[in-house]
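# Architecture and fold: a report
In case you want the letters, here they are:
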Amino acid sequence: MVGASPSRSPDAPVLVFDSGIGGLSVLGPIQALLPQAPIVYAADYAAMPYGTKSEAEIAARVPALLGRLVERFHPRIAVIACNTASTIALDHVRAALNIPVVGTVPAIKPASELSKSGVIGVLGTDATVRQPYVARLAEQFAGDATILRHGSGDLVLAAEAKLRGEHRDPAVFAAAMAGLTRQPGGDAMDVVVLACTHFPLVRDELSAVAPGIAFVDGAAGIARRVEYLTRTQAWPDRPSAGRAVFTRLDAREREYADALNAYGLSTIELL
Ligand code: DGL
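Below you will find a few notes about this structure. (Residues numbered from 1 in each chain as written. Predicted model: local features only at pLDDT ≥ 70, side-chain atom pairs only at ≥ 80, totals over all residues. Heavy atoms only, no water.)

### Remarks on the overall build of the chain
Convention followed: Per the convention used, a helix needs a DSSP run of H or I reaching at least four residues, while a strand needs a run of E reaching at least two, with both numbered from the N terminus. Radius of gyration: over C-alpha atoms. The globule rule applied is 2.2 Å multiplied by the number of residues raised to the 0.38 power. We call a residue buried when its accessible area falls under 20% of the maximum for its residue type, exposed when it is over 50%, and partly exposed in between, using a 1.4 Å probe and counting protein chains only. Pairs of residues are marked as contacts when any of their non-hydrogen atoms sit within 4.5 Å. Residue exposure ignores everything except the shown protein chains as possible cover, and the areas themselves are Shrake-Rupley values with a 1.4 Å probe. A residue counts as positive if it is Lys or Arg and as negative if it is Asp or Glu; His and the chain ends are not included. By convention, the charge on Lys lies at NZ, on Arg at CZ, on Asp at CG and on Glu at CD.
Of regular secondary structure, the chain possesses 12 helices and 10 strands. A globule of 271 residues ought to have a C-alpha radius of gyration of about 18 Å, and the chain, at 18 Å, matches this closely. The principal-axis extents of the C-alpha atoms in the chain amount to approximately 55 × 40 × 35 Å. Looking at the 271 residues of the chain, the share that counts as buried comes to 53%. For the chain, contacts bridging at least 24 residues in sequence account for 76% of all contacts bridging at least 6. Of the accessible surface of the chain, which amounts to about 11,500 Å², a share of 52% is contributed by carbon and sulfur atoms. Side-chain charges in the chain split into 25 positive and 27 negative, and the spacing between the mean points of these groups amounts to 5 Å.

### Some words on the sheet that holds strand 8 (residues 214-216)
In plain terms, the rule: In this analysis, strands are considered paired if DSSP registers two or more bridges between them. To define axes, lines are fitted to C-alpha atoms, for helices over the stretch in contact only, and angles between the resulting N-to-C directions are given on a 0 to 180 degree scale.
Read from one edge to the other, the open sheet built from 4 strands follows the order 6-5-7-8, with strand pairing classed as parallel. Of all strands in the sheet, those with a lone pairing partner are strand 6 (146-151) and strand 8, marking the two edges. Pairwise comparison of adjacent strand axes, ignoring direction, gives a mean angle of 25° for this sheet. Sheet topology note: the strand 7 (residues 191-194)/strand 8 ladder contains 3 bridges and is parallel. Within strand 8, the residue paired with V193 across the bridge is V216.

### Focus on helix 7 (residues 153-163)
Working note: α-helix, 3.6 residues per turn, so residues spaced by three or four point in the same direction. Turning to helix 7, its buried residues number three or more, namely L155, V156, A158, A159, E160, A161 and L163. Where helix 7 is buried, its residues touch helix 1 (24-33), strand 5 (119-124), helix 8 (171-181), helix 9 (203-209) and helix 12 (257-261). Where helix 7 terminates, the next one or two residues include G165, which has phi positive at roughly 85°.

### Remarks on the environment of I39
Note on placement: I39 falls in strand 2 (residues 39-43). The exposure class assigned to I39 is buried, which follows from its relative accessible area of 4%. With residues up to four places along the chain from it excluded, the contact list for I39 reads P13, V14, L27, Q31, G242, R243 and L265.

### Some thoughts on the sheet that holds strand 9 (residues 242-246)
Strand order in this open sheet of 6 strands is 4-3-1-2-9-10, and the pairing throughout is parallel. The open sheet is flanked by strand 4 (101-102) and strand 10 (265-270), the only strands paired with a single partner. Contacts from helix 1 reach strand 1 (14-18), strand 2, strand 3 (77-80) and strand 10 within the one sheet, and its direction differs from that of strand 2 by about 170°.

### As for unusual backbone geometry
With omega at 0°, the peptide bond leading from M48 into P49 counts as cis. Tracing the chain through its elements places P49 in the loop between strand 2 and helix 2 (55-73). Despite not being glycine, H74 shows a phi value in the positive range, around 50°. Mapped onto the fold, H74 is located in the loop between helix 2 and strand 3.

### Thoughts on the side chain of S86
Put simply, the test is: Pairs of N or O atoms are called polar contacts if they sit within 3.5 Å, as long as, within protein, a hydrogen donor faces a hydrogen acceptor (for residues adjacent in sequence, only side-chain-to-side-chain pairs).
Relative to the helices and strands, S86 is located in helix 3 (residues 83-96). S86 sits in the buried class, given a relative accessible area of 7%. At a separation of 3.0 Å, a polar atom in the side chain of S86 contacts the main-chain amide nitrogen of T104. Not counting the four nearest positions on each side in its chain, S86 is found in contact with I80, G103 and T104.

### Topic: the pairing of strand 7
Taken residue by residue, a regular strand's side chains alternate between the two faces of the sheet. We apply this condition: Place the viewer so that the strands point away; then a crossover is right-handed whenever the path from the first strand over the helix to the second strand goes clockwise.
Going residue by residue along strand 7, you find V191 and V193 tucked away on one face and V192 and L194 tucked away on the opposite face as well. As paired elements, strand 5 and strand 7 share 4 bridges and run parallel to each other. Within strand 7, the position partnered with L123 by the bridge is L194. For the crossover that starts at strand 7, traverses helix 9 and ends in the parallel strand 8, the hand is right-handed.

### Let's talk about the packing of aromatic side chains
Geometry of an aromatic ring pair is reported as the spacing of the ring centres plus the angle between the planes. Which entries qualify depends on this criterion: Two aromatic rings from Phe, Tyr or Trp, using only the six-membered ring of Trp, form a pair when their centres are within 6.5 Å; if the ring planes differ by under 30 degrees the pair is stacked, by over 60 it is edge-to-face, and anything between is tilted. Over a ring means this: the NZ of a Lys or the CZ of an Arg is within 6 Å of the ring centre and within 35 degrees of the ring normal.
Counted under the stated rule, the structure contains 4 aromatic pairs. Measuring from ring centre to ring centre gives 6.5 Å for F17 and Y50, while their planes differ by 45°; the resulting arrangement is tilted. Residue F17 is found in strand 1, and its partner Y50 is found in the loop between strand 2 and helix 2; the two are separated by 33 residues along the sequence. A relative accessible area of 1% means that F17 is categorised as buried. Accessibility expressed as a relative area gives 2% for Y50, which makes it buried. Relative to Y256, the ring of Y45 lies with its centre 5.1 Å away and its plane at 20°, an arrangement referred to as stacked. Of this pair, Y45 sits in the loop between strand 2 and helix 2 while Y256 is found in the loop between helix 11 (251-254) and helix 12, placing the two residues 211 residues apart along the sequence. Across the pair, exposure class does not vary: Y45 and Y256 are buried alike. Members of the aromatic cluster, joined through ring pairs, are Y45, F246 and Y256. Looking at R76, its charged tip hangs above the ring of W235, at a distance of 3.7 Å from the centre. Across from the ring centre of Y228, 4.0 Å away, lies the NZ or CZ of R231, which sits over that ring.

Structure representation (C-alpha cells):
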C-alpha cells in the first residue's frame, strides 16, 4: 500500500489524474469549491489516448502510475478524472493506495432525471462505452430509458488540440453526435452524458452542432465528494501555485502551458 501518513500537513496536495488534459474539466469545479487546495495535476501523455487501449493495459498501467505519483507527491486524496481509467481500474487503484480515491462515473443518473423523451446518449471513449459498468449504471438508474452509446477517440484529440490552441475541424463534432443520432431511436435523444472528461472542454462545439440537446457530466459531483472527504482537514491560508506533472514532456506537451496556467498550474515537470 502506498499513501500518506496520518499527520498530514495543510500543504498536502489534491492529486488530479487523467491521460491528458481532460481532467481540467474536473479540476475547475474542485478549485471552485476548494480554492486553497494545493493541486498536482498529472497527465499520462506517454500513454494517451487511453480510449483505444485494452482493459488489460489500463488495469496494469493506471494503479502502478498512481502509486508512483503518490510516493512522489504525498497527496491527501487522489481523483481519477478519467472515465476510461475509472470504469476499468478504480478498484485496483483503491486496493493499491491507502489514501481516498475518487473516481469518475458516467453521469447516467442525472441524465435520466433530466430526459423527457427517455432516450439518452452516452458519449465516451471506445473503451468506456463498452464497459459492463456502464450497462450496470444504465440498468440501475435509467431502467426505463433507451441508452445509446458511442465512442469517439477523435473528440479526445479535438479537445487536446483546442487546449494547445490549434484549429479544430468542426466535422469532428458533427460526426461524434451523428454516431448517436443515427442509431435507432436517436432522433428522440434529448440528453447526452459526456462520459469522457475531455468532452466538457468542447461542450460549446458539441452544442453548436446539436441544438436542443442537453449535455451533462459528473464533474460537480466529484468536486462535492472531494470537499466532503477532506472536510475536517486543514488547508494553506491562501491559494498556492499548482503544478502539472506529465509522463512525457516534449515540445508538443509544452504547448499546454497557457491552458494549464488558466487553472493556476504554473509549472510542468516530468514524472
Ligand atoms: N479523459 C479520458 C476519459 O475520461 C480518456 C481520454 C483518452 O485518453 O482516451 O475517458
